[in-house]
Amino acid sequence: MIPVNEPLIGAREEEYVLECLRTGWISSSGRFIERFEEGWATYCGQKFGIAVSNGTTALQVAVGCLGLKPGDLVIIPTFTIISCALAVIYNGGIPVLADCDPRTWCLSPEGVKEAVERETKKGNGHRLKAIMPVHIYGHPVDMDPLEELAEAYSLAIIEDAAEAHGTEYLSGRMGSSPAWKRCGGLGDLGVFSFYANKAITTGEGGMVITSNAIFAERARNLRNLCFLPEQRFLHTEAGHNFRMTNLQAAIGVAQLERIEAILEKKKAIGKAYCEHLKDIPSLQLPVEEPWAKSIYWMFGIVLHEDTDMNASQMAQRLRDKGIDTRPFFLGMHEQPVFQQMGLFGNEHYPVAERLARRGLYLPSGLTLTESQIDEVAEAVRDILS
Ligand SMILES: Cc1ncc(COP(=O)(O)O)c(C=O)c1O
């Protein structure tokens with residue numbers, strides 16, 4: 001079976017992890033934690049990094065930095081992982097959904113604008129506090145229009161860059177000084193996951209990055225049970241143990257040392273699939289907008305309506321040929337758990353609904369060989385011909 005992903009762990013990762021084991025720095029203190037936090041924040045263009053246990057807890061801490069009051073609203077894409085919605089709910093807020101762009105599959109700026117205008121008009125006492133753009137499958141969200149909205153309505157931006165390590169966005173392209181910036185470094189807070197299928201991995205792991213010293217301090221406290229610095233076992237707020245271990249950070253530091261090679265390989269896989277599959281009329285492939293440098297974290301395909309197959313049937317046909325795939329996200333508005341909570345009642349988001357039924361992603365891991373890419377592409381072509 002060609003797997004969807006396999007992590008690529010090198011000699012340097014082994015060396016650094018062994019150092020932790022031999023020196024006894026195996027919990028959440030140690031030199032690799034600081035190096036990883038500083039290194040990753042700097043790479044992304046933010047001042048502070050707060051390493052945590054995974055991307056889900058990173059989102060929870062990032063939303064926690066905003067100090068939501070019960071019922072405050074945060075706009076998130078419906079097409080995302082459940083962690084985004086849970087981060088808002090666990091902080092006492094209410095997620096407000098917006099659809100995604102049919103080309104990039106990322107949060108649609110028009111959808112966000114509609115949601116902002118609708119929610120502000122309601123005047124029901126719920127305050128709109130933030131927007132959470134999610135850079136999907138390695139392609140950036142179009143951030144400029146979101147920044148304008150955030151400015152106009154005093155909203156914070158929390159970027160979920162869990163799938164977009166090293167993805168770049170051309171910021172300010174309509175202005176006089178456009179600049180390429182890395183995802184996670186564009187918002188007030190950026191969030192990453194370092195799960196084993198991510199471009200940079202620590203096994204399990206996550207990070208919040210920010211240039212705001214107050215948010216950074218708050219994130220550090222929330223991650224570590226809100227111990228008071230002046231009196232350790234006195235607590236005035238409820239925090240969490242969301243700490244990352246030095247062992248995990250050791251892997252992250254080693255990965256970061258060769259990030260350029262990792263991203264080059266990811267992009268090469270994406271470009272190779274694009275080349276192989278571009279003339280299959282029944283397939284929609286990932287785009288790379290002129291203002292984007294995608295890392296093709298996972299290579300998604302969307303089946304046109306004229307094929308008689310949906311994504312799960314396609315996945316089965318590929319599995320029969322020894323190729324593993326993963327389905328696209330099912331929108332938050334279609335999740336039974338949220339319906340049971342009385343959220344997103346009769347909401348519909350046609351783009352996300354279509355992607356959930358017609359989209360899947362192909363093997364895209366760093367261990368994938370050229371001949372495996374050929375094999376996957378041939379199998380896709382064969383099934384659709
Ligand atoms: C967009 C997005 N956000 C957040 C997460 C959560 O990260 P983790 O699995 O590390 O909790 C993921 C996980 O894959 C993700 O894809």
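How each quantity is defined
- Residues numbered from 1 in each chain as written.
- Predicted model: local features only at pLDDT ≥ 70, side-chain atom pairs only at ≥ 80, totals over all residues.
- Heavy atoms only, no water.
- Helix = DSSP H or I, 4+ residues; strand = E, 2+ residues; numbered from the N terminus.
- Rg over C-alpha atoms; globule rule 2.2 N^0.38 Å.
- Buried < 20%, exposed > 50% of the residue type's maximum accessible area, 1.4 Å probe, protein only.
- Contact = heavy atoms within 4.5 Å.
- Areas by Shrake-Rupley, 256 points an atom, 1.4 Å probe, with all protein chains shown as cover.
- Lys, Arg positive; Asp, Glu negative; His and termini not counted.
- Charge placed at Lys NZ, Arg CZ, Asp CG, Glu CD.
- Expected span 1.5 Å × (residues − 1).
- Pairing = 2+ DSSP bridges.
- Domains from an automatic or database assignment.
- Buried area = accessible area lost by both parts, 1.4 Å probe.
- Axes fitted to C-alpha atoms, helices over the stretch in contact; angles between N-to-C directions.
- Parallel < 35°, antiparallel > 145°, perpendicular 65-115°, else oblique.
- Left-handed = near helix turned anticlockwise from the far one by under 90°.
- Nonpolar A, V, L, I, M, F, W, Y, C, P; charged D, E, K, R; others polar.
- Salt bridge = Lys/Arg side-chain N within 4 Å of Asp/Glu carboxyl O.
- Polar contact = N/O pair within 3.5 Å; in protein donor to acceptor, adjacent residues only side chain to side chain.
- Near = heavy atom within 4 Å.
- Core = buried A, V, L, I, M, F, W, Y, C linked by side-chain atoms within 4.5 Å.

Chemist: Lay out the overall build of the protein chain in plain terms, naming residues and giving numbers.
Modeler: Helices and strands together make up the secondary structure of the protein chain, namely 13 helices and 14 strands. Taking 2.2 N^0.38 as the reference for a compact globule, 385 residues should give roughly 21 Å; the C-alpha atoms of the protein chain span a radius of gyration of 21 Å, in line with that estimate. When the 385 residues of the protein chain are sorted by exposure, 57% land in the buried category. Taking all contacts inside the protein chain whose residues are at least 6 apart in sequence as the whole, residues at least 24 apart take part in 74%. Of the roughly 16500 Å² of accessible surface on the protein chain, a fraction of 52% belongs to carbon and sulfur atoms. The protein chain carries 37 positive and 49 negative side-chain charges, and their two centres are separated by 3 Å.

Chemist: An account of helix 13 (residues 370–384) is needed here, citing residue identities and associated values.
Modeler: Counted at 1.5 Å a residue, the expected span for helix 13 with its 15 residues is 21 Å, and the 21 Å between its end C-alpha atoms agrees. Looking at the buried side of helix 13, the elements it contacts are helix 9 (259–277), strand 10 (283–284), strand 12 (299–303), helix 10 (311–320) and strand 14 (359–362).

Chemist: Can you break down the sheet that holds strand 11 (residues 292–293) residue by residue, with the values?
Modeler: Across the sheet, three strands lie side by side as 7-6-11; this open sheet has antiparallel pairing. What marks the edges here is a single partner per strand, and that holds for strand 7 (179–182) and strand 11. Examined bridge by bridge, strand 6 (residues 168–171) and strand 7 share four bridges and lie antiparallel to one another. Among the inter-strand pairings, S171 is bridged to a residue of strand 7, identified as A179.

Chemist: I'd like a description of the domain arrangement of the protein chain, backed by residues and values.
Modeler: For the protein chain, the domain assignment lists domain 1 (11–257) and domain 2 (259–384). The centre of domain 1, based on its C-alpha atoms, is set 24 Å off from the matching centre of domain 2. Across the boundary between the two partners, domain 1 contributes 48 residues, which contact 41 residues of domain 2. Across the interface of domain 1 and domain 2, roughly 3700 Å² is buried in total on both sides, 69% from carbon and sulfur atoms.

Chemist: Give me the packing of helix 5 (residues 109–122) against helix 6 (residues 143–153): which residues, what numbers.
Modeler: Remark: helix 5 packs on helix 6, axes separated minimally by 9 Å, with the N-to-C direction vectors making an angle of 15°. With respect to each other, helix 5 and helix 6 are oriented roughly parallel. Between helix 5 and helix 6 lies a crossing of right-handed hand. Across the interface between the two elements, P109, V112, K113, V116, E117 and T120 of helix 5 pack against P145, L146, L149 and Y153 of helix 6. Residue composition of the contact of helix 5 with helix 6, by class: seven nonpolar, one polar and two charged.

Chemist: Can you lay out the side chain of D99 for me, pointing to particular residues and giving the numbers?
Modeler: With respect to the helices, strands and loops of the structure, D99 is situated in the loop between strand 3 (94–98) and helix 5. In this structure D99 is buried but unpaired, with R357 as the nearest side chain of opposite charge at 10 Å. At 3.0 Å, the side chain of D99 and the backbone nitrogen of A352 are in polar contact.

Chemist: Can you break down the site of the ligand residue by residue, with the values?
Modeler: Looking at the ligand, there are 13 residues lining it, with T56, D160, E163, S193 and K198 nearest. For the ligand, an oxygen atom lies 2.8 Å from a polar atom in the backbone of G55. Here a nitrogen atom of the ligand sits 2.6 Å away from a polar atom, N or O, in the side chain of D160. When isolated, the ligand has an accessible area of 390 Å², and the protein chains bury 90% of it.

Chemist: Hey, could you go over the nonpolar core for me, with residue numbers and the actual values?
Modeler: Counting 106 residues, the largest nonpolar core has F36, W40, I75, I76, F79, V112 and Y137 as its most contacted members. If one sorts the elements of this core by residue count, helix 2 (residues 31–44) sits on top with seven residues. The residues that make up this core include at least three from each of domain 1 (11–257) and domain 2 (259–384). Residues in contact with V112, not counting those within four places in the same chain, are I75, A98, L107, I131, L146 and L149. One finds I280, L283, I301 and M314 within the second-largest nonpolar core, a separate group that totals 28 residues.

Chemist: Describe the side chain of D101, naming the residues involved and giving the relevant values.
Modeler: Here D101 lies in the loop between strand 3 and helix 5. We note that D101 is buried and unpaired, the nearest opposite charge coming from R103 at a distance of 5.2 Å. D101 has contacts with C106, L107, S108 and V351, leaving out every residue within four places of it along the chain.

Chemist: Break down the packing of helix 1 (residues 11–23) against helix 8 (residues 246–257) for me, with residues and values.
Modeler: It is at 8 Å that the axes of helix 1 and helix 8 come closest, and there the two elements cross at 155°. Of the possible angle classes, the one that applies to helix 1 and helix 8 is roughly antiparallel. Handedness of the helix 1/helix 8 crossing: right-handed. From helix 1, R12, E13, Y16, V17, C20 and L21 reach across to helix 8, where they touch N246, L247, A250, I251, V253, A254, Q255 and E257.

Chemist: Summarise helix 5; cite the residues concerned and give the values.
Modeler: The end-to-end C-alpha distance of helix 5, which contains 14 residues, comes to 20 Å, matching closely the 20 Å that a straight helix rising 1.5 Å per residue would cover. The elements touched by buried residues of helix 5 are strand 2 (73–77), strand 3, strand 4 (128–131) and helix 6. Count one or two residues on from helix 5 and you reach G123, which has phi positive near 55°.

Chemist: Explain the pattern of salt bridges to me, and be specific about the residues and the numbers.
Modeler: Under the counting rule described, the total for this entry stands at 23 salt bridges. Salt-bridge contacts for E119 lead to R118; the nearest nitrogen and oxygen are separated by 3.6 Å. Take R118: its relative accessible area is 38%, and that puts it in the partly exposed class. With its nearest N and O atoms 2.7 Å apart, the salt bridge here joins D382 to K321. Of this pair, D382 sits in helix 13 while K321 sits in the loop between helix 10 and strand 13 (326–327); the two residues are 61 residues apart in sequence, bridging distant segments of the chain. In this structure D382 comes out as partly exposed when scored by relative accessible area, which is 44%. Residue classification places K321 among the partly exposed positions, given a relative accessible area of 36%. Where salt bridges share partners, they join R12, E15, R35 and E257 into one cluster.

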